[in-house]
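Fold and geometry: a report
What follows is the residue order along each chain.
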Amino acid sequence: MFEKDFLWGASTSAYQVEGAWNVDGKEPSVQDIRQVPENTSDFKVAADHYHHVKEDVALFSELGLKAYRFSISWSRVMPNGVINPKGVDFYHTLIDELLKNNIEPIVTVFHFDLPASLYKQGGWGNRQTIQAFADYCTFLFDTFGDKVHYWQTINEQNMLTLAGKLISGNKKTWKDIFQENHHMLVAQSKVMGIYHNSDHSGKIGPAPNICAVYPSSPSAENQLAADYMSAFRNWLYLDAAVFGRYNAQALEILRALDAVPEITLEDERIMKQNTCDYIAFNYYNTACVTSFDLGEIKEGDQQKGLAIPGFFKSIENPNLPQTEFGWSIDPTGLRVTAHQIYSRYGLPLLITENGLGGRDKLEEDGTIHDNYRIDYLRQHIIELEKTIEDGVPFIGYCPWSAIDLISTHEGIRKRYGFIYVNRSDFDLKDLKRYRKDSFYWYQHLIETNGREK
Ligand code: BGP
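What counts and how
- Residues numbered from 1 in each chain as written.
- Predicted model: local features only at pLDDT ≥ 70, side-chain atom pairs only at ≥ 80, totals over all residues.
- UniProt positions renumbered as here; feature names shortened; annotations may be inferred.
- Near = placed C-beta within 6 Å.
- Nonpolar A, V, L, I, M, F, W, Y, C, P; charged D, E, K, R; others polar.
- Helix = DSSP H or I, 4+ residues; strand = E, 2+ residues; numbered from the N terminus.
- Buried ≥ 20, exposed ≤ 12 C-beta atoms within 10 Å, placed from the backbone.
- Pairing = 2+ DSSP bridges.
- Contact = placed C-beta atoms within 7 Å.
- Axes fitted to C-alpha atoms, helices over the stretch in contact; angles between N-to-C directions.
- Parallel < 35°, antiparallel > 145°, perpendicular 65-115°, else oblique.
- Left-handed = near helix turned anticlockwise from the far one by under 90°.
- Core = buried A, V, L, I, M, F, W, Y, C linked by C-beta atoms within 7 Å.
- pLDDT = per-residue confidence, 0-100.

Looking at an unreviewed UniProt entry, the chain carries the name 6-phospho-beta-glucosidase, with the source organism given as Vagococcus elongatus. Its UniProt record, at the heading Sequence similarities (unreviewed entry), says of the chain: "Belongs to the glycosyl hydrolase 1 family."

Here it is as structure tokens:
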């Protein structure tokens, strides 16, 4: 049973959905200047949500969303560190439209799209970016704080760190990567503090990608490998946000990689004093690992392939089916993952992403039969309901994605939305919106507060 105020939602992120990459004063972000893979679209037009904002919110309202989780583009709101009134207006329009339609805005302040000007000054590797982030967030809290009650700091900081090459084109040494990671952790704590010291009474927290890690067989070595991977991929990020400290097993891996960052006493103080109110997390599937003594470090993508010699190697789980893009599907893993998070941290949870990327087909009559997506979401919602009945408190569920958008590294042919956007990777067509079968299915599910799946 879902509580009557359960937030049935859906998610997007600014650079993947908005387009208008250089319009109305926006400066490019790292996503606009990076080399995207040759066979996929760039992010310049995306779903052109910037120019379809009212139409899209009307569709979200028809879908019945109670919440919409989106991100604000730093480079639109504060290009080159200066407030851009037109960029700010866009988010006022979006948020006002949502509120008019009784849709709770859930805002991520940073989702993979650092302004290019900051990147050129060293990006997250430069300590001054912490203050730039604090200034940006202070402005957001002052400007939108009366209207927004759920804030997220950084989307999938763990994946930006561990799969940075694919997600943002960041190619550096582990030492540099974990120094950047550390600055992000401090920046996150700092803005959580700023929010808590403001007049606003909403909630703020991180939004990492969390997954349970299974040992590939019942042996102590493989269990240890699973624990190490979980510490490195999951708990490093949540221990920092909830307890304000580094996870010990993760630190051991950082030592082995010669990647322990420089941590000042002031950093430690900021992290310790400012912690989160709730945990938003993205869940796509689980990982399966085996012990791994010798070999090369492998990065993989958000969901698979990570390997650190001496600690763990992630492998395919032979017991799980996969999507056509090779991500395994593990609905019960959501229950396992949520229990692990809640028993470690005891804070309310919010799912900010979960979904299936597939090659949808627009039929001649304007329909899209995405029953594979319905199956995926249905199975996850069934497990979510069981987890809630187990006693784990959930604020809401926001699958990825509200509308089709550009995947992090696989173009728009890998679609996730309830709403189809008529374009392909290299042909923008008319960008017309169509309701998929999953749209009507989710609409009915929300209408019945999750009773009829
Ligand atoms: C998460 C990101 C999203 C999104 C999603 C699907 O890692 O937070 O931005 O894109 O995964 O991943 P992909 O686009 O690679 O299929």
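Next comes the rest of the account.
Okay, the site of the ligand next. In the vicinity of the ligand there are 16 residues, among which Glu156, Gln302, Gly357, Ser407 and Thr408 approach most closely. Here the shell around the ligand is built from residues that sort into two nonpolar, ten polar and four charged.

Before going further, it helps to examine the UniProt feature "active site" (unreviewed entry) in the chain. Per the UniProt record, "active site" (unreviewed entry) is annotated on Glu353. Topologically, Glu353 is positioned in strand E11 (residues 349–353). Of the residues examined, Glu353 has 24 C-beta atoms within 10 Å and is grouped as buried.

Here the focus is the sheet that holds strand E8 (residues 287–290). Strand order in the open sheet formed by four strands is E6-E8-E10-E9, with mixed pairing between adjacent strands. The sheet terminates laterally at strand E6 (213–215) and strand E9 (307–308), the two strands that pair on one side only. Two strands pair when backbone bridges link them, and E6 and E8 are joined in this way by three bridges, in the parallel orientation. Bridge assignment links Pro215 to a residue of E8, and that residue is Val289. Along the sheet, helix H11 (residues 220–243) makes contact with E6, E8, E9 and strand E10 (312–315), crossing E6 at roughly 165°.

Further remarks concern the sheet that holds strand E1 (residues 7–11). Strands pair in a sheet through their backbones, by hydrogen bonds, and they do so in one of two ways: parallel or antiparallel. Reading across the sheet, the eight strands line up as E5-E4-E3-E2-E1-E12-E11-E7 and stay open at both edges, with parallel pairing between neighbours. Single-partner strands in this sheet number two, and they are strand E5 (203–207) and strand E7 (279–282). The sheet shows a mean angle of 30° between the axes of neighbouring strands, direction not considered. Bridge count between strand E2 (residues 67–71) and strand E3 (residues 104–110): five bridges; the pairing is parallel. What sits directly across from Arg69, in E3, is Ile106.

Where helix H3 (residues 53–63) contacts helix H5 (residues 85–100), the two axes come as close as 10 Å, and the packing angle between them is 25°. Judged by the angle between their axes, H3 and H5 are roughly parallel. Handedness of the crossing formed by H3 with H5: right-handed. Taken together, the residues of H5 that come into contact with H3 (itself represented by Val53, Lys54 and Val57) are Thr93, Leu94, Glu97 and Leu98.

This brings us to the nonpolar core. Counting residues in hydrophobic clusters, the biggest one holds 131 residues, and the most contacted among them are Tyr68, Met229, Phe281 and Phe312. Looking at this core element by element, the count peaks at 13 residues for H11. Discounting residues that sit within four places of it in the chain, Phe312 has contacts with Ala225, Tyr228, Met229, Val289, Ser291, Phe292 and Ala307. Of all hydrophobic cores here, the second largest spans five residues; its members include Val30, Leu114, Leu118 and Tyr119.

A few words on the packing of H11 against helix H12 (residues 248–256). H12 packs onto H11 with a crossing angle of 100° between their chain directions and a minimal axis gap of 8 Å. With respect to H12, the element H11 is oriented roughly perpendicular. When H11 is examined against H12, the residues Asp227, Tyr228, Ala231, Phe232, Trp235 and Leu236 are found in contact with a partner set consisting of Gln249, Ala250 and Ile253. Partitioned by chemical class, the residues of the contact of H11 with H12 number seven nonpolar, one polar and one charged.

Moving on to the environment of Leu59. Summarising the element assignment, Leu59 is placed in helix H3. The class for Leu59 is partly exposed, based on 19 C-beta atoms found within 10 Å. As for Leu59 and Trp21, which are separated by 38 residues in sequence, their C-alpha atoms are 23 Å apart. Discounting residues that sit within four places of it in the chain, Leu59 has contacts with Ile419 and Arg433.

Attention now moves to the confidence of the model for the chain. When the pLDDT values of the chain are averaged, the result is 96; 100% of them are 70 or greater. Here the complex is predicted with pTM 0.97, and the ipTM for its interfaces comes to 0.99.

Okay, unusual backbone geometry next. With an omega dihedral of 10°, the bond running from Trp400 to Ser401 counts as a cis peptide bond. Within the fold, Ser401 resides in the loop between strand E12 (394–397) and strand E13 (419–421). A positive phi is found at Asp48, a non-glycine position, where the angle reads about 55°. Following the sequence through the fold, Asp48 ends up in the loop between helix H2 (30–33) and H3. The backbone phi angle of Asp258 is positive, close to 55°, even though this residue is not glycine. Tracing the sequence through the fold places Asp258 in the loop between H12 and helix H13 (265–273).

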